[in-house]
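Summary of structural features
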Amino acid sequence: MPRLRRALPALMVATLVGGAADKPAAIDVEHWRQAFARPDHTPAPAANPTTPEKVRLGAALFDDTRLSGSGEIACSTCHQAELSFSDGVDRHPGLDGAPLERRTPPLWNMAWGLSWFWDGRADSLEAQAAIPIEDKREMGGDLERATKAIAADPLMQKSFAAAFPEDPAVTRDNLMKALAAFERTLVSPQTRFDRWVKGDDRALDKDEFAGLALFVGKAGCVACHQGWRFTDEAFHDIGLRSQDKGRGPVLGVKAADHAFKTPSLRERVWSAPYMHDGSLATFEDVVDHYAKGIVKRPTLSADLPRAIELSETERAQLVAFLNTLSSDDPPRPTSLPPKTIAWGATAQAVATTTVSQKDRRFSPGAILLKVGEALRILNDDTRTHNVRVDGANMSFNSDGQNPGDTVTLGFDQPGHYDIICGIHPEMRLSVDVASAAAR
Ligand code: HEC
Ligand code: HEC
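Residues numbered from 1 in each chain as written. Chains lettered and ligands numbered in written order. Predicted model: local features only at pLDDT ≥ 70, side-chain atom pairs only at ≥ 80, totals over all residues. Heavy atoms only, no water.

Observations regarding the coordination of the iron atom of ligand 2
Ideal values differ by geometry: the angle at a metal is 109.5 degrees with four tetrahedral donors, but 90 or 180 degrees with six octahedral donors. The iron atom of ligand 2 binds to the protein through His 225 (NE2) and Tyr 290 (OH), with metal-donor distances spanning 1.9 to 2.1 Å. Each of the six donor atoms around the iron atom of ligand 2 contributes to a set of angles spanning 85 to 179°, which defines the coordination as octahedral. Linking His 225 in the loop between helix H10 (206–216) and strand S1 (235–236) with Tyr 290 in helix H12 (residues 283–293), this pair joins segments that are 65 residues apart in sequence. Under the relative-accessibility criterion, Tyr 290 is labelled partly exposed at 22%. (Donors = N, O, S within 2.8 Å, 3.2 Å for Na, K, Ca; no water. Tetrahedral: all angles 85-135°; square planar, octahedral: opposite > 155°, others 65-115°. Helix = DSSP H or I, 4+ residues; strand = E, 2+ residues; numbered from the N terminus. Buried < 20%, exposed > 50% of the residue type's maximum accessible area, 1.4 Å probe, protein only.)

This is the structure we're talking about:
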């Protein structure tokens, strides 16, 4: 469960910091509050303004496997919403089965980017989108063929016409524009750290605040991880072991070898493992790298502190601070359509009963069904839930079930089933399924 992953580092801080009270260094609070303040609107290029119709189309295309050569891969295969639009592995397997060169980066806050890819080789989101589609190892597609396949779909013709009233056609350009417009809506939500930025001193606890003081002070992180997104959009060699040359070959400049784009640190709790090669599994590993893992070579960034002394306590405090830049549950952008999961014998269900999850309770809390009927569980709450069924005849786990999402379960065996939310286990639903003969 995601919750457990988050609870672990927090617990470690508690035990480590228990006795040794390293006093946080004094920082200029007002200065940093201004430096980390969020902008109040999302930018878009004049040539591709963001409209609801375009975003809806882009969201559909992001999930459309017709863009790939095999018809089986979509952008969302690698960029998964609940993993901050990354994929949880160090390097995703390519179509040939061997790992891709680099890790799938998360896609939050792309609208503010200056260049895209780890080495910055794409100079707009519109230009970026064509590359994975035609990459032989990523989607193995052909844009011309994909555009034709989509143009043959009457529903898509309608969506393109609505999204591009001035140029109502299914073209390669419009396809890229819609994908980019959707990506610009992926703005990471405010977290506890933003409450601190807005003036709430109590939003960060003592260790988290000490971590912030280290981040902007002695640990030197803010030299590169700047502003509300925590990136300077520049390229640096931070001394990882990887042999990947990164930015150097893109520019034809040897001094830029091993340099990669500074990643944002927003919603990174959900996007492990870290770095362009996915070589560091946890925030603890990342902090250890900066403290003592740097490979010395001439291309190391001038902004990288060469030898920082960080005690165990201070490392744990830095990690505690990094955690405050992520939400408590993986956020799901409102521009994504709700998820609908169907499990078991739902296709031939003769009747469907809906249960609500508002205010952290299943209501009704107990229901009676007959074999051949289905149960639809609608998250009409404001929180992320989870649906788990443990029964002799059925074992099911929905993963994160966000507001608006539905899980439909079909029952083809009589019996008793207990359904709970793994995130709020006090939520219980008891289901009794009578045999069809009882009809
Ligand atoms: C097979 C997995 C895979 C698929 C499918 C895929 N991507 Fe990616 N994506 C990656 C990897 C790996 C990178 C990093 C490559 C690099 O930097 O060289 C990346 C990079 C990106 C970036 C740059 C992010 C940044 O921080 O600069 C964007 C934007 C992006 N992908 C969008 C898309 C879109 C849109 C699609 C569908 C058209 C898509 N991706 C399909 C794996 C994938
Ligand atoms: C010299 C600039 C620089 C400094 C200083 C710096 N970083 Fe980074 N950081 C980067 C770059 C560049 C990457 C990506 C490197 C790569 O993949 O090759 C990165 C990656 C990361 C990541 C992984 C993000 C992801 O999604 O993969 C974390 C977490 C991180 N840094 C935290 C920190 C912390 C904490 C500090 C201070 C101890 C720090 N950084 C100092 C430039 C810097």
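Here's the deal with the site of ligand 2
Near ligand 2 lie 24 residues; those nearest to it are Cys 221, Cys 224, His 225, His 276 and Tyr 290. The contact in question runs from a nitrogen atom of ligand 2 to an N or O atom on the side chain of His 225, over 2.9 Å. The contact in question runs from an oxygen atom of ligand 2 to an N or O atom on the backbone of Met 275, over 2.8 Å. (Near = heavy atom within 4 Å. Polar contact = N/O pair within 3.5 Å; in protein donor to acceptor, adjacent residues only side chain to side chain.)

Things to note about the coordination of the iron atom of ligand 1
Protein coordination of the iron atom of ligand 1 is limited to a single donor, His 79 (NE2), positioned at 2.1 Å. With respect to the element layout, His 79 can be found in the loop between helix H4 (75–78) and helix H5 (125–134).

Brief notes about H5
With seven of its ten residues buried, H5 lies for the most part within the structure. The complete set of buried residues in H5 reads Leu 125, Glu 126, Gln 128, Ala 129, Ala 130, Pro 132 and Ile 133.

Side note on the domain arrangement of the protein chain
Where interface size is quoted, it is often the accessible area lost as the parts come together. Domain parsing of the protein chain yields domain 1 (2–33 + 190–323), domain 2 (52–184) and domain 3 (340–438). Each of domain 1 and domain 2 was reduced to a C-alpha centroid, and the two centroids are 30 Å apart. Interface area for domain 1 against domain 2, summed over the two sides, is near 1900 Å², with a carbon-plus-sulfur share of 52%. Along the contact surface separating domain 1 from domain 2 lie one salt bridge. With a shortest N-O distance of 2.8 Å, Asp 244 and Arg 102 are connected by a salt bridge. In this structure, the connection of domain 1 to domain 2 is made through 13 residue pairs in polar contact (both at pLDDT 80 or more). Mapped onto the side of domain 1 that touches domain 2, the elements with two or more residues apiece are helix H11 (247–251) and strand S2 (260–261). Among the residues making up the side of domain 1 that touches domain 2, the classes are represented as ten nonpolar, five polar and nine charged. (Domains from an automatic or database assignment. Buried area = accessible area lost by both parts, 1.4 Å probe. Salt bridge = Lys/Arg side-chain N within 4 Å of Asp/Glu carboxyl O. Nonpolar A, V, L, I, M, F, W, Y, C, P; charged D, E, K, R; others polar.)

Comments concerning the site of ligand 1
Taken together, 26 residues lie around ligand 1, and Cys 75, Cys 78, His 79, Phe 117 and Lys 261 are the ones closest in. Contacts to ligand 1 include Lys 261, whose side-chain N or O atom sits 2.7 Å from an oxygen atom. Those elements giving two or more residues to the shell around ligand 1 turn out to be H4 and H5. Top element by residues in the shell around ligand 1 is H5. It accounts for five residues.

Overview of the environment of Pro 39
One can find Pro 39 in the loop between helix H2 (29–35) and helix H3 (52–62). The spacing of Pro 39 and Trp 228 is 189 residues in sequence and 8.2 Å in space, taken between C-alpha atoms. Those residues in contact with Pro 39 that lie beyond four places of it in its chain are Trp 112 and Trp 228. (Contact = heavy atoms within 4.5 Å.)

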